[in-house]
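Descriptive structure summary
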Amino acid sequence: MAAPRATDGVDESCGDTGLILSNSSTGDPKRPQFGTRFLTDPRQVFQHNAWDNVEWTDEQEEAAKKKVSENNQPLPPEKQEDYDSRASEYWNDFYTIHENRFFKDRHWLFTEFPELAPRCNINHESGPSVAGANGSPDQKQSAALSPDSPDFPGSSATYRVLEVGCGVGNTVFPILKTNNDPGLFVYCCDFSSAAVELVKTNPEYDSKRCFAFVHDSSDEEASYPIPDGTLDVIVLIFVLSALHPDKMRSSISRAARLLKPGGVMLLRDYGRYDMAQLRFKKGRCLSENFYVRGDGTRVYFFTQDELHELFTEAGLEKVQNLVDRRLQVNRGKQLTMYRVWIQCKYRKAP
Ligand SMILES: C[S@@+](CC[C@H](N)C(=O)[O-])C[C@H]1O[C@@H](n2cnc3c(N)ncnc32)[C@H](O)[C@@H]1O
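From a predicted model like this one, the values you see are computed outputs, not experimental measurements.

1. Here we look at the site of the ligand
Inspection of the region around the ligand gives 21 residues, with Tyr95, Arg106, Gly165, Asp190 and Ile237 positioned closest. At 3.2 Å from a nitrogen atom of the ligand is found a main-chain nitrogen or oxygen belonging to Phe191. The contact in question runs from a nitrogen atom of the ligand to an N or O atom on the backbone of Ser217, over 2.9 Å. A total of 590 Å² of accessible area belongs to the ligand in isolation, and the protein chains cover 99% of it.

Laid out in structure tokens, this is it:
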């Protein structure tokens, strides 16, 4: 995902390079989920920058599997330990170098995740409905009147959203801009203090509507500054993949406790055999499907089943678990790049 290694003219970032039919960060109501540009005639491949819902052939899947298994020689344990214990330092270095220049705004955000701005005038017909994610007006009212503690930031809000691993705020600021519900309060955290500082010093940061804090979501002992059972939505965008696989389960379970009954966890992250996985060179593999980039940041490539297990073990119910396969095209260099992203919504029982 890191910018400097963006290869062959395409960055590996967080799904932003997919087909964008909208030029507004508020989302285009006409953009259906995962797009509509299908490649039916392979000769047309270089006519557009990207194609949606691309089917993989059996041969392609086999070739990807082979490539991954050839590169599956984990680094020695002491190296692995070093990358794990210094994970936040590597991300701090990343943000010190790139500041907020790397990640782009997400045009797909409100199309794929209408829960982030449920009361706003965005047409969500193309998105799946998430029953209970917003709660009934009565539920909202009672939640607002009886928070566990009256003293936490955003305690008087009626709709609370937390982004874990927020980076420099490429999700948070579009939410604040688009969702004009006066009852909205947005929390965001990252274990990189450099990232959180960039969020807090952004001119769009409004402490009356937002609270940014440093938090390591893989640290079971670390507490959130929000009582359990108070959040409507938790967003995880390309962050779970940055955690050590052994720490994912406890991280999701801890975060799930923050959700209200009916609250929803939203995730978009790397899928197995994404181009970024296939491009890792030998010597970068930490464990199966888990790699370290040249800048020390790490990335895991998920299957849908793995994510399903993580969420259901945290007591959440599936609303959506989809794979988004795209073919991106570098027309200048006549290159094709197969992207695989997974998108999930899991809900706490109402
Ligand atoms: C790929 S970036 C995505 C940033 C942001 N979600 C976005 O989409 O722009 C991954 C982010 O997760 C953060 N991160 C990684 N491990 C974390 C952890 N254990 N706790 C909190 N944040 C973490 C990194 O600092 C980084 O900002």
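2. Topic: the pattern of salt bridges
Under the criterion given, the structure shown has 18 salt bridges. Note that Arg257 is salt-bridged to Asp228, the shortest N-O span being 3.4 Å. Taken as a pair, Arg257 in helix H8 (residues 245-257) and Asp228 in the loop between strand E4 (210-214) and strand E5 (231-237) lie far apart in primary sequence, 29 residues in all. Notably, a salt bridge pairs Asp324 with Arg268, separated by 2.9 Å at the nearest N-O pair.

3. Quick look at the side chain of Arg160
Tracing the backbone shows Arg160 in strand E2 (residues 159-164). Summary of buried charges: Arg160 has no salt-bridge partner, and the nearest side chain of opposite charge, Asp232, is 5.4 Å away. Looking at Arg160, its side chain comes within polar contact range of the main-chain oxygen of Ser155, at 2.9 Å.

4. Observations concerning the packing of H8 against helix H10 (residues 304-313)
Between H8 and H10, the least distance of the axes is 8 Å, while the angle of their chain directions is 45°. In this view, H8 runs oblique relative to H10, as classed from their interaxial angle. Pair H8 / H10 crosses with right-handed handedness. Residues Met248, Arg249, Ile252 and Ser253 of H8 form the contact with H10, whose participating residues are Glu309, Leu310, Phe311 and Glu313.

5. Brief notes about the packing of aromatic side chains
Two numbers describe a pair of aromatic rings. These are the distance of the centres and the angle of the planes. In total, this model carries 16 aromatic pairs according to the counting rule given. With a centroid separation of 5.1 Å and an interplanar angle of 90°, the aromatic rings of Phe94 and Tyr95 are classed as edge-to-face. An identical accessibility class is assigned to Phe94 and Tyr95; each is buried. Among the aromatic residues, those joined into a cluster by ring pairs are Phe238, Tyr270, Phe280, Tyr291 and Phe301. If you follow Arg268 out to its NZ or CZ, it ends over the ring of Trp108, 4.7 Å from the centre.

6. What to know about empty space enclosed by the protein
Within the structure shown, the criterion is met by three cavities of 30 Å³ or more. Estimated volume of the largest cavity: approximately 40 Å³. A per-element tally of the lining of the largest cavity places H8 first, with three residues. Each residue belonging to the lining of the largest cavity can be placed in one class, and the counts come to seven nonpolar, two polar and no charged.

7. A look at unusual backbone geometry
Unusually for a residue other than glycine, Tyr273 sits at a positive phi of about 75°. With respect to the helices and strands, the residue Tyr273 is situated in the loop between strand E6 (259-270) and helix H9 (275-278). You can call Tyr273 buried: its relative accessible area is 11%. A positive phi angle is found at Asn289, which is not glycine, with a value near 65°.

The rules behind each value
- Residues numbered from 1 in each chain as written.
- Predicted model: local features only at pLDDT ≥ 70, side-chain atom pairs only at ≥ 80, totals over all residues.
- Heavy atoms only, no water.
- Near = heavy atom within 4 Å.
- Polar contact = N/O pair within 3.5 Å; in protein donor to acceptor, adjacent residues only side chain to side chain.
- Areas by Shrake-Rupley, 256 points an atom, 1.4 Å probe, with all protein chains shown as cover.
- Salt bridge = Lys/Arg side-chain N within 4 Å of Asp/Glu carboxyl O.
- Helix = DSSP H or I, 4+ residues; strand = E, 2+ residues; numbered from the N terminus.
- Buried < 20%, exposed > 50% of the residue type's maximum accessible area, 1.4 Å probe, protein only.
- Lys, Arg positive; Asp, Glu negative; His and termini not counted.
- Axes fitted to C-alpha atoms, helices over the stretch in contact; angles between N-to-C directions.
- Parallel < 35°, antiparallel > 145°, perpendicular 65-115°, else oblique.
- Left-handed = near helix turned anticlockwise from the far one by under 90°.
- Contact = heavy atoms within 4.5 Å.
- Phe/Tyr/Trp six-rings, centres within 6.5 Å; stacked < 30°, edge-to-face > 60°.
- Lys NZ or Arg CZ within 6 Å of the ring centre and 35° of its normal.
- 1 Å grid on protein atoms, 1.4 Å probe; cavity = no way out; pocket = protein on both sides within 12 Å on 5 of 7 lines; lining within 4 Å.
- Points joined across faces, edges and corners; volume = space filled by probe spheres on them.
- Nonpolar A, V, L, I, M, F, W, Y, C, P; charged D, E, K, R; others polar.

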